[in-house]
Amino acid sequence: MPGTRRIGLLALGGIVLAAVLAVIGHLEVSDDLDPWSLTVSDFAVSDRGGVIDTAMAVLAAASLVLLPALRRAGADPAPLVLLTAWSAGLLAAAVVPTNEPGTPMDTAAYVHRYASVLSFLALPVAGWLLARRPADGAAAWLRGLTLASLVLAAAMIWSAYPGDRALLGLIERLLILTETALLTTLALHLTLTRVVGASAARPTPARGA
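Residues numbered from 1 in each chain as written. Predicted model: local features only at pLDDT ≥ 70, side-chain atom pairs only at ≥ 80, totals over all residues. Heavy atoms only, no water.

### Observations regarding the packing of aromatic side chains
How two aromatic rings sit relative to each other is set out by the distance from centre to centre and by the angle between their planes. Note the threshold: The pairing test for Phe, Tyr and Trp rings, Trp by its six-membered ring, is centres within 6.5 Å, and the orientation test on the planes gives stacked under 30 degrees, edge-to-face over 60, and tilted for anything in between. Helix and strand assignments follow DSSP, with helices taken as H or I runs no shorter than four residues and strands as E runs no shorter than two, numbered in order from the N terminus. Here the term buried applies to any residue with accessible area under 20% of the maximum for its type, exposed to any over 50%, and partly exposed to those in between, with areas from a 1.4 Å probe on protein chains only. Lysine NZ or arginine CZ positioned within 6 Å of the ring centre and within 35 degrees of the ring normal marks a charge as sitting over the ring.
Applying the stated criterion across every chain, the model contains one aromatic pair. For the pair Tyr-110 and Tyr-114, a centre-to-centre distance of 6.5 Å together with 10° between the ring planes defines the contact as stacked. Here Tyr-110 pairs with Tyr-114, and both are found in helix 5 (residues 107-130), just four residues apart, close to one helical turn. On the basis of relative accessible area, Tyr-110 is assigned to the partly exposed category, the value being 38%. The ring of Trp-128 has Arg-143 sitting right over it, with the charged end atom 5.8 Å from the ring centre. One Lys or Arg, Arg-173, reaches over the ring of Phe-43 and ends 4.9 Å from the middle of that ring.

### As for the side chain of Thr-39
Worth spelling out the cut-off: Contacts: residue pairs with any heavy atoms within 4.5 Å of one another.
Summarising the element assignment, Thr-39 is placed in the loop between helix 1 (2-28) and helix 2 (40-45). Since its relative accessible area comes to 9%, Thr-39 is described here as buried. Residues within four places of Thr-39 in sequence aside, it is in contact with Arg-165, Leu-168, Gly-169, Glu-172 and Arg-173.

### As for helix 5
What counts, and what does not: Helix span is expected to be 1.5 Å times the residue number reduced by one.
The terminal C-alpha atoms of helix 5, which comprises 24 residues, lie 34 Å apart, in line with the 34 Å expected from a rise of 1.5 Å per residue. Listing the buried residues of helix 5 in full gives Ala-109, His-112, Ala-115, Ser-116, Ser-119, Phe-120, Ala-122, Leu-123, Pro-124, Ala-126, Gly-127 and Leu-130.

### So, the nonpolar core
Applied cut-off: Here, nonpolar core refers to any group of buried Ala, Val, Leu, Ile, Met, Phe, Trp, Tyr and Cys residues whose side-chain atoms link them within 4.5 Å.
Residues Leu-59, Leu-66, Leu-70, Leu-83, Trp-86 and Leu-183 are the most contacted members of the largest nonpolar core, which totals 43 residues. Of all the elements in the fold, those that place two or more residues in this core are helix 1, helix 2, helix 3 (51-72), helix 4 (77-95), helix 5, helix 6 (136-160) and helix 7 (168-201). Among the elements that take part in this core, helix 3 stands out by supplying eleven residues, more than any other. Core analysis: the next-biggest nonpolar cluster, separate from the first, contains seven residues, Phe-120, Leu-152, Met-156 and Leu-168 among them.

### Thoughts on the pattern of salt bridges
Put simply, the rule is: Salt bridge, as applied in this entry: a Lys or Arg side-chain nitrogen positioned within 4 Å of an Asp or Glu carboxyl oxygen.
This structure, assessed with the given rule, holds two salt bridges. Between Arg-165 and Asp-42 there is a salt bridge, and its shortest N-O distance comes to 3.2 Å. Taken together, the residues Arg-165 in the loop between helix 6 and helix 7 and Asp-42 in helix 2 connect sequence positions 123 residues apart. Residue class for Arg-165 comes out partly exposed when judged on its relative accessible area of 36%. The salt bridge partner of Arg-132 is Asp-76, with a shortest N-O separation of 3.6 Å.

### Some remarks on the packing of helix 3 against helix 4
Heads up, the rule is: What counts as an axis is a line fitted to C-alpha atoms, over the stretch in contact for a helix, and the angles between N-to-C directions run from 0 to 180 degrees. Under this scheme an angle from 65 to 115 degrees is roughly perpendicular, one under 35 degrees roughly parallel, and one over 145 degrees roughly antiparallel; angles in between are oblique. Take the far helix as the reference: if the near one is turned anticlockwise from it by less than a right angle, the crossing is left-handed, and if turned clockwise, right-handed.
Interaxial distance between helix 3 and helix 4 falls to 8 Å at its minimum, and their mutual angle equals 165°. Between helix 3 and helix 4, the angle falls in the class roughly antiparallel. Helix 4 is crossed by helix 3, and the crossing has left-handed handedness. Here Asp-53, Met-56, Ala-57, Leu-59, Ala-60, Ser-63, Leu-64, Leu-66, Leu-67, Leu-70 and Arg-71 of helix 3 lie close against helix 4, whose contacting residues are Leu-80, Leu-83, Thr-84, Trp-86, Ser-87, Leu-90, Leu-91, Ala-93 and Ala-94.

### Describing the confidence of the model for the protein chain
Rules: The predictor's confidence in any single residue is recorded as pLDDT, a number from 0 to 100.
A residue-level look at the protein chain finds 88% of positions with pLDDT of 70 or above and a mean pLDDT of 87. Long-range and interchain partners of residues 194-209, a stretch whose pLDDT sits below 50, account for four contacts in this model, where long-range means more than four residues apart.

Following this line, the structure appears as structure tokens:
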């Protein structure tokens, strides 16, 4: 379909922009913050409304851009609802701050935490369900990234509670990278499917014509 490739490219652009903003946000924060043990949210709260919060909002928007193309491609409602939940949770986490590191959690911090949990779990499940539709190559990537995301999410839960936050920041960043790769795979699939489909639809010239 004519719009599918454009949607995939727009989503890819948003994902790249969000990644660049996230890197800039990490470079701008205080050197006293430890990325190995502190989460991305801990970095973001030191610069409320800054580039890390903007990166989260951009990634949420890039994810929502994929919805109409996935619907037209025949995706079932369940993964679309989960992808919407991922975007909503990500946007809520960007708008509602967590607490400053080392301070007691307040209501906003709990909203931020559970919005983040919703996002981290909704996206890999959506990816697994969507893997039933794409071509074999994309399906394999989606399933692999889904499994990696779930393993990292479990490791993050362990670190946040019985693990005394051991390497929590590192685990979360690996989880974010994996889930961003999952989104990138979806966007690439939509983009490349349009190209392949156009090539397949082009009639073969008759011999001697």
